[in-house]
Amino acid sequence: MTVPTLLVLGNVNVDLVLGEVDGWPAVGTEVVVDRSEMRPGGSAGNTALALAGMGEAHLMIASVGNDPNGAWLSGQFDAASCEWIVEPCDTTLTVGIVHKGGDRVFFTTPGHLQRASLEDLIERLPQAPGDNALALISGGHLMPRIEAGTTTLLEALSAKGWRTAIDPGWPPVGWTEANKRQVSDWIAAADISLINAEEAKGLAGVDDLDTATALLVRQIGAAHTLVVKDGAQGAHAYAGGEHFHAASPRVEVIDTVGAGDTFNAAFLASLAKGGSLGAALARGVETAARAISTFPRRYSA
């Protein structure tokens, strides 16, 4: 099998998305919503789905449980693009409640993500097929064993010739000082970091995005690329002392679940083909905007 230039590692789980709700209901009440969708999800899963939807060759290495949900979940992906690790437990389930305007809240069960093993991933890592090959790690905060070994995983990928990207996500316990140090270590070990505006502010410990970004830019090395995803405002990238920005097209939002993961897919796919940083940003925001404004989702025009 020829190894593609895009490798995706991280969390895949079942998503049950319900909405819309206008405000949070009182305890003990029942709410009827207009729309529901059971779909494959998780940060890595959303990225792989977007890559498949765009027709971009990739390999995802991820785990599922050995229950019916796990069989259903793995069946939703392109079999030729996936290597599955089957865990002897239930598959993790996330319920996403979509609020008016597209924002959402997630409820996630432990399941197979709690068992995901660093050793299982490392022993399956292929050699990078070329200088532009990119490996993304995302969703690690939901996988304790992967979270603890993310720096080791980044180093193992680099040793096999991969350029590495990290999307750390939001820590479920919040931005403690320990979490800030941990994520800073991940960023230092990676070539590219992909964070959203709220994560940037949490990581920097300030409420203003411009201030947070300035603090983070001072911390990254000269060879590192920092990407900040800012929703309807588009995305920014900082590398080698330069700043790039791509504005997002105006769209009518249906739901934002997986928007950042879709951005990651399109952005990295562009870079893997030799695209410039500015072109990659533009492709990322355009693809994410299309995905969150179509139902069923579309990733290409």
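Residues numbered from 1 in each chain as written. Predicted model: local features only at pLDDT ≥ 70, side-chain atom pairs only at ≥ 80, totals over all residues. Heavy atoms only, no water.

Participant: An account of the packing of aromatic side chains is requested, with residue identities and associated values reported.
Facilitator: Enumeration over the complete set of coordinates arrives at four aromatic pairs. For the pair phenylalanine 77 and tryptophan 84, a centre-to-centre distance of 5.6 Å together with 65° between the ring planes defines the contact as edge-to-face. When the ring centre of phenylalanine 295 is taken as origin, the NZ or CZ atom of arginine 35, which lies over that ring, is 5.4 Å away. (Phe/Tyr/Trp six-rings, centres within 6.5 Å; stacked < 30°, edge-to-face > 60°. Lys NZ or Arg CZ within 6 Å of the ring centre and 35° of its normal.)

Participant: Give me the lowdown on the sheet that holds strand S2 (residues 13-21), citing residues and values where you can.
Facilitator: Across a sheet, strands are paired by hydrogen bonds formed along the backbone, either parallel or antiparallel in direction. Read across the sheet, four strands follow the order S3-S2-S6-S7 without closing on themselves; strand pairing throughout is mixed. Looking at the sheet topology across the chains shown, the edges are occupied by strand S3 (35-41) and strand S7 (104-108). With strand direction ignored, the average angle separating the axes of adjacent strands in the sheet is 20°. Across seven bridges, the pairing between S2 and strand S6 (residues 93-99) is parallel. Each residue of the ladder has a partner; that of valine 14, found in S6, is leucine 93. (Pairing = 2+ DSSP bridges. Helix = DSSP H or I, 4+ residues; strand = E, 2+ residues; numbered from the N terminus. Axes fitted to C-alpha atoms, helices over the stretch in contact; angles between N-to-C directions.)

Participant: Please give an account of the pattern of salt bridges that cites residues and values.
Facilitator: This structure, assessed with the given rule, holds 11 salt bridges. Lysine 229 is paired through a salt bridge with aspartate 167; the nearest N and O atoms lie 3.0 Å apart. Within this pair, whereas lysine 229 is found in strand S11 (residues 225-229), its partner aspartate 167 is found in strand S9 (residues 163-167), the two being separated by 62 residues in sequence. With respect to burial, lysine 229 and aspartate 167 carry one shared label: buried. Bridged by salt links that share partners, the residues Glu83, Asp120, Glu123 and Arg124 form one connected network. (Salt bridge = Lys/Arg side-chain N within 4 Å of Asp/Glu carboxyl O. Buried < 20%, exposed > 50% of the residue type's maximum accessible area, 1.4 Å probe, protein only.)

Participant: Describe the pairing of S6, and please don't skip the residues or the numbers.
Facilitator: Summarising burial for S6: five of the seven residues are buried, a large majority. Here five bridges tie S6 to S7, and the two strands are oriented antiparallel to one another. Residue valine 98 lies in a different strand from S7, and its bridge partner there is arginine 104.

Participant: Kindly report on helix H9 (residues 259-272), identifying the contributing residues and their values.
Facilitator: Because each turn of an α-helix spans 3.6 residues, side chains separated by three or four positions in sequence point in the same direction. With 14 residues, H9 ought to run about 20 Å at 1.5 Å a step, and its terminal C-alpha atoms sit 20 Å apart, in line with that. Most of H9 is tucked away, with 13 of its 14 residues classed as buried. Remark: glycine 274 follows H9 within two positions and exhibits a positive phi of approximately 90°. (Expected span 1.5 Å × (residues − 1).)

Participant: Break down unusual backbone geometry for me, citing the residues and quoting the values.
Facilitator: The peptide bond linking glycine 19 to glutamate 20 adopts the cis configuration, its omega dihedral lying at -5°. By the element assignment, glutamate 20 lies in strand S2. Cis geometry is adopted by the peptide bond preceding proline 296, which originates at phenylalanine 295 and carries an omega value of -5°. Its place among the elements puts proline 296 in the segment after helix H10 (277-292).

Participant: So what's going on with H10? Which residues, and what values?
Facilitator: With 16 residues, H10 should reach 22 Å at 1.5 Å per residue; the first-to-last C-alpha distance of 23 Å fits that figure. On its buried face, H10 sits against S11, strand S12 (235-239), strand S13 (242-246) and H9. (Contact = heavy atoms within 4.5 Å.)

Participant: Got a sec to walk through the sheet that holds S12? Specific residues and values, please.
Facilitator: The nine strands lie next to each other as S5-S4-S1-S8-S9-S10-S11-S12-S13, forming an open sheet whose pairing is mixed. With one partner strand each, in any of the chains shown, strand S5 (82-87) and S13 form the two edges of the open sheet. With strand direction ignored, the average angle separating the axes of adjacent strands in the sheet is 20°. As paired elements, strand S4 (residues 59-65) and S5 share six bridges and run parallel to each other. Note that in S5 the partner of valine 64 across the bridge is valine 86. Packing against the sheet, helix H1 (residues 43-53) makes contact with strand S1 (6-10), S4 and strand S8 (134-138), and its axis sits at approximately 155° to S1. Sitting on the sheet, H9 touches S1, S8, S9, strand S10 (192-196), S11 and S12, and the angle it makes with S10 is about 155°.

Participant: Just give me the short version of the environment of valine 173, but keep the residues and values in it.
Facilitator: Within the secondary structure layout, valine 173 lies in the loop between S9 and helix H6 (177-189). Judged by relative accessible area, valine 173 falls into the exposed class, the value being 67%. Along the backbone, valine 173 and histidine 141 are 32 residues apart, and their C-alpha atoms lie at a distance of 9.5 Å.

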